[in-house]
Amino acid sequence: MDLNVRATAIGFLAALAALAVLLWVIGIDTIVRTMGMADPAILALLPFVGAAWLVSWGLSLRVVLGVIGTPISVTKSVLIYSAATFANNVTPFGQAGGEPITAYLIADATDNQYESGLAAIASVDALNFFPSLSLAGVALAYFGATATLGRQLRVAGVAIAVLALVVPLAGYALWRFRLHVEGGLARVLTPIARGLARPIPGRSAPDEAAVRVRIEGFFNAVGRVAEDRRRLVLALGFATIGWLALSTSLWLSLYSLGFRVPFAAALLVIPIGSLASITPFPGGLGGIEGVLIALLVPTTGVDLAAASAAVLIHRTVTYWLPTLFGGGVAAMYGFDAL
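This is a predicted model, so every value here is computed, not measured.

*Asks:* It is not clear to me how the pattern of salt bridges should be interpreted in this structure. Could you clarify?
*Replies:* Side-chain pairs of opposite charge can arise where the charged atoms are in close proximity. Summed over the entire model, instances satisfying the criterion amount to one salt bridge. Here Arg-315 ties to Glu-289 by a salt bridge, and the two come within 2.8 Å at their closest N and O atoms. Of this pair, Arg-315 sits in helix H13 (residues 304–334) while Glu-289 is found in helix H12 (residues 287–300), placing the two residues 26 residues apart along the sequence.

Written out as structure tokens, the structure is:
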């Protein structure tokens, strides 16, 4: 068995074991009974909501690729983003682990250089991040105005405030001192690139100057995205629609079980739950479910079993189905990268 496949399989087993323990503590029988009460009509609607999320963020990728000089069709952009979702869902640390693979898939599918693909998916992930903070902030303000904030919500508020401050400052510092960053990355990555290229027949080991040119290409591509204000706003709009679709999926999952809760609850817990994807488990499996369940109880007032059932329905639509579909797309565009 290939090492990557073995590592992925071990990661999935560990994540499923952690999820199983969580559900066992809550009560698997009760969760299953609660899921059995779900409205079939709403369950049939949920895959379309999940598709709306993938399409929206696929369109965001299309906008970014257009900015860096690689125009593609709507269909192709959505398929590529579906493959990116698959890569994120089968690698540890979520997007951080999936981005290098996704960059290869984008470069291969668009006949572009690797650094351009990496710049594209890094820009999309960054653009997707900021609307999540805005939506979570709006939801938190709603709860602050209508109810007393519990401990979990106060912690969530602090986390949102810290991220809203730290991430832009880190991005500014990275861009402000990019020449020093480029030099440092070139010195670190050159020995790694040489080690990877040496065993490959017909490939010469790159020197530091060649590696630095590729790194500069990455920063230049990111810079073109940041400078195109009109298309930057368009990409942010698609990113926002995607977050609204994800929140709608969770809200409808609760609604299918007979719970009418404020939509603000979903707007708050979805972005915070996504942060759990940085866990070592593939795609945050197990961690995201735990965070979503922990936040749904105080924000909606539903019991643990109902929150767990809704989260499992939601994750089926937004994790398992995209992983299966995206895996097929990844195979079409270059499964050997994985």
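*Asks:* Sorry if this is basic, but what is going on with a nonpolar patch on the surface here?
*Replies:* Taken together, the side chains of Val-21, Trp-24, Val-25, Ile-28 and Val-32 make up a nonpolar region of the molecular surface, amounting to roughly 540 Å² of accessible area. Of all the secondary structure elements, the ones that give two or more residues to the nonpolar patch are helix H1 (3–26) and helix H2 (28–35). Here the element with the most residues in the nonpolar patch is H1; it accounts for three residues.

*Asks:* I would appreciate a short explanation of the nonpolar core in the present structure.
*Replies:* The nonpolar side chains of soluble globular proteins are, as a tendency, buried together. Judged by nonpolar contacts, the single largest core of 78 residues is most densely connected at Trp-57, Leu-61, Leu-65, Tyr-81, Leu-250, Leu-268 and Leu-296. The element that contributes the greatest number of residues to this core is H13, accounting for 12 residues. Look past the residues within four positions of Leu-250 in its chain and what remains in contact with it is Ala-266, Val-269, Ile-270, Leu-296, Ala-310, Val-311 and His-314.

*Asks:* Just to check I follow, could you spell out unusual backbone geometry for this structure?
*Replies:* Negative phi values dominate among residues other than glycine, just as trans dominates among peptide bonds. The phi torsion at Asp-111 lies on the positive side, around 55 degrees, for a residue other than glycine. Within the secondary structure, Asp-111 sits in the loop between helix H5 (94–110) and helix H6 (114–146). Among the residues examined, Asp-111 registers a relative accessible area of 73% and is labelled exposed.

*Asks:* What am I meant to see in the packing of aromatic side chains here?
*Replies:* The geometry of an aromatic ring pair is captured by the separation of the ring centres together with the interplanar angle, meaning the angle of the planes. Inspection of every chain in the model, using the stated rule, returns eight aromatic pairs. A centroid spacing of 5.2 Å and a plane angle of 70 degrees characterise the contact between Trp-57 and Trp-243, whose relative ring orientation is edge-to-face. Of the two residues, Trp-57 sits in helix H3 (residues 40–67) while Trp-243 sits in helix H10 (residues 229–256), which places them 186 residues apart along the sequence. Just as Trp-57 is buried, Trp-243 falls in that class too. Summarising the aromatic geometry, the rings of Trp-251 and Tyr-255 are spaced 5.3 Å apart at their centres and angled 25 degrees between planes, so their arrangement reads as stacked. Taken together, the residues span about one helical turn, with Trp-251 and Tyr-255 both in helix H10 at a distance of four residues. Accessibility expressed as a relative area gives 29% for Tyr-255, which makes it partly exposed. Across the ring face of Tyr-255, the terminal group of Arg-260 is positioned such that the distance to the ring centre comes to 4.0 Å.

*Asks:* Explain H10 here, please?
*Replies:* Along an α-helix, a turn takes 3.6 residues, which lines up residues three or four apart on a common side. Relative to the 40 Å expected for 28 residues at 1.5 Å per residue, H10 spans 40 Å between its end C-alpha atoms, a close match to the ideal helical length. Residue Gly-258 follows H10 closely and has a positive phi angle near 95 degrees.

*Asks:* For this particular structure, what's the right way to read the packing of H10 against helix H11 (residues 263–274)?
*Replies:* Helix packing geometry: the angle between the two helix axes and the distance between the axes. Between H10 and H11, the least distance of the axes is 8 Å, while the angle of their chain directions is 115 degrees. One finds that H10 runs roughly perpendicular with respect to H11. The two elements H10 and H11 meet at a crossing, and its hand is right-handed. The segment H10 lies against H11, with Trp-243, Leu-244, Leu-246, Ser-247, Thr-248, Leu-250 and Trp-251 engaging Phe-263, Ala-266, Leu-267, Val-269, Ile-270, Pro-271 and Ser-274.

Quick notes on the rules
Residues numbered from 1 in each chain as written. Predicted model: local features only at pLDDT ≥ 70, side-chain atom pairs only at ≥ 80, totals over all residues. Heavy atoms only, no water. Salt bridge = Lys/Arg side-chain N within 4 Å of Asp/Glu carboxyl O. Helix = DSSP H or I, 4+ residues; strand = E, 2+ residues; numbered from the N terminus. Patch = residues over 30% accessible without salt bridge, like charges linked within 9 Å, V, L, I, M, F, W, Y side chains within 5 Å. Areas by Shrake-Rupley, 256 points an atom, 1.4 Å probe, with all protein chains shown as cover. Core = buried A, V, L, I, M, F, W, Y, C linked by side-chain atoms within 4.5 Å. Buried < 20%, exposed > 50% of the residue type's maximum accessible area, 1.4 Å probe, protein only. Contact = heavy atoms within 4.5 Å. Phe/Tyr/Trp six-rings, centres within 6.5 Å; stacked < 30°, edge-to-face > 60°. Lys NZ or Arg CZ within 6 Å of the ring centre and 35° of its normal. Expected span 1.5 Å × (residues − 1). Axes fitted to C-alpha atoms, helices over the stretch in contact; angles between N-to-C directions. Parallel < 35°, antiparallel > 145°, perpendicular 65-115°, else oblique. Left-handed = near helix turned anticlockwise from the far one by under 90°.

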